Amino acid sequence: RREDERRKQVLDLVIRVRPRLKSILSTAQLKRLKQIELQCQGPRALLRPDVQALMLLAKPQIEAIAAEVTSTNNAVRDAWKQIQEKGRPRAAVQKQIDGIRSAESRKILRHLNGNQRSRWKSLIGRPAALSTFGQGLRYKAPEFAAGMTWINSSPVTMKSLRGKVVILHFYAFG
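Here the structure is a predicted model, which means the values were calculated and not measured.

Conventions and cut-offs
- Residues numbered from 1 in each chain as written.
- Predicted model: local features only at pLDDT ≥ 70, side-chain atom pairs only at ≥ 80, totals over all residues.
- Heavy atoms only, no water.
- Axes fitted to C-alpha atoms, helices over the stretch in contact; angles between N-to-C directions.
- Helix = DSSP H or I, 4+ residues; strand = E, 2+ residues; numbered from the N terminus.
- Parallel < 35°, antiparallel > 145°, perpendicular 65-115°, else oblique.
- Contact = heavy atoms within 4.5 Å.
- Nonpolar A, V, L, I, M, F, W, Y, C, P; charged D, E, K, R; others polar.
- Buried < 20%, exposed > 50% of the residue type's maximum accessible area, 1.4 Å probe, protein only.
- Phe/Tyr/Trp six-rings, centres within 6.5 Å; stacked < 30°, edge-to-face > 60°.
- Expected span 1.5 Å × (residues − 1).
- Arc of directions from axis to C-beta.

Looking at the packing of helix H4 (residues 59–86) against helix H5 (residues 90–109)
Then, in step 1: One way to put it is that H4 packs onto H5 with a least axis distance of 10 Å and a crossing angle of 175°. The angle between H4 and H5 places the two elements in the roughly antiparallel class. Contacts between H4 and H5 pair Ile65, Glu68, Val69, Thr72, Ala75, Val76, Ala79, Trp80, Gln82 and Ile83 from the former with Arg90, Val93, Gln94, Gln96, Ile97, Ile100, Arg101, Glu104, Lys107 and Ile108 from the latter.
Then, in step 2: In the contact of H4 with H5, the residues fall into 11 nonpolar, 4 polar and 5 charged.

This is the structure we're talking about:
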């Protein structure tokens, strides 16, 4: 149920964001973004109504795919319980979970016929280096407001703190 709620929230977000993206991206960029989106979601994307329509999935196929996802979710939940109940090492459990999820993809794709497999490959496009997404992102702290009162220190700037470990303690008076 939580998975269904999450899927619906993501779909609602995509529906709200997509019109804005259409005004920013070229047709080719928008197509590639959709391919990467499907790659990130993996074969679970076949549970999205828009993807089901494109893939011409029959109701029994959709039900079988949903059952595979439920089975995977249960297996993953049981694996995490092994950490809590049996003290199994987290790395070993994560490896087991990776195997479960990989098997899920293969099982889901088995429910597609040859034409649907070809259509799926076309929808996801050439593989993207998903493991590199998000690497190199940096977030910059905002500069301190001018004219602040400093206690136990002369005024500093973010530039002067660069490369240092800093603890800030803010008080609210009033």
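Following the structure, the description resumes.
Comments concerning the environment of lysine 107
Then, in step 1: Counting through the fold element by element, lysine 107 comes out in helix H5.
Then, in step 2: Residue lysine 107 is classed as partly exposed on the basis of its relative accessible area, which comes to 36%.
Then, in step 3: In the structure, lysine 107 is positioned 39 residues away from glutamate 68 in sequence and 7.1 Å away in space, judged by C-alpha atoms.

Section: the packing of aromatic side chains
Then, in step 1: Applying the stated criterion to the full structure yields 1 aromatic pair.
Then, in step 2: For the ring pair phenylalanine 144 and tryptophan 150, a centre distance of 5.2 Å and an interplane angle of 85° mean the geometry is edge-to-face.
Then, in step 3: Here phenylalanine 144 falls in the buried class, since its relative accessible area comes to 16%.

Brief notes about H5
Then, in step 1: With 20 residues, H5 extends 29 Å between its outermost C-alpha atoms, agreeing within 8% with the 28 Å of an ideal straight helix rising 1.5 Å per residue.
Then, in step 2: Among the residues of H5, those classed as buried are Val93, Ile97, Ile100, Ala103, Glu104 and Ile108. For H5, the arc enclosing every buried residue in end-on projection is 135°, short of the 170-degree limit, so these residues lie on one face. More than 90 degrees from the buried face of H5, the exposed residues found are Ala91 and Lys95.
Then, in step 3: Where the residues of H5 are buried, they touch H4.

Observations concerning unusual backbone geometry
When glycine is set aside, most residues are seen to have a negative phi, and most peptide bonds are trans.
Then, in step 1: If you check the backbone angles, leucine 56 has positive phi at about 55° while not being a glycine.
Then, in step 2: Tracing the backbone shows leucine 56 in the loop between helix H3 (49–55) and H4.

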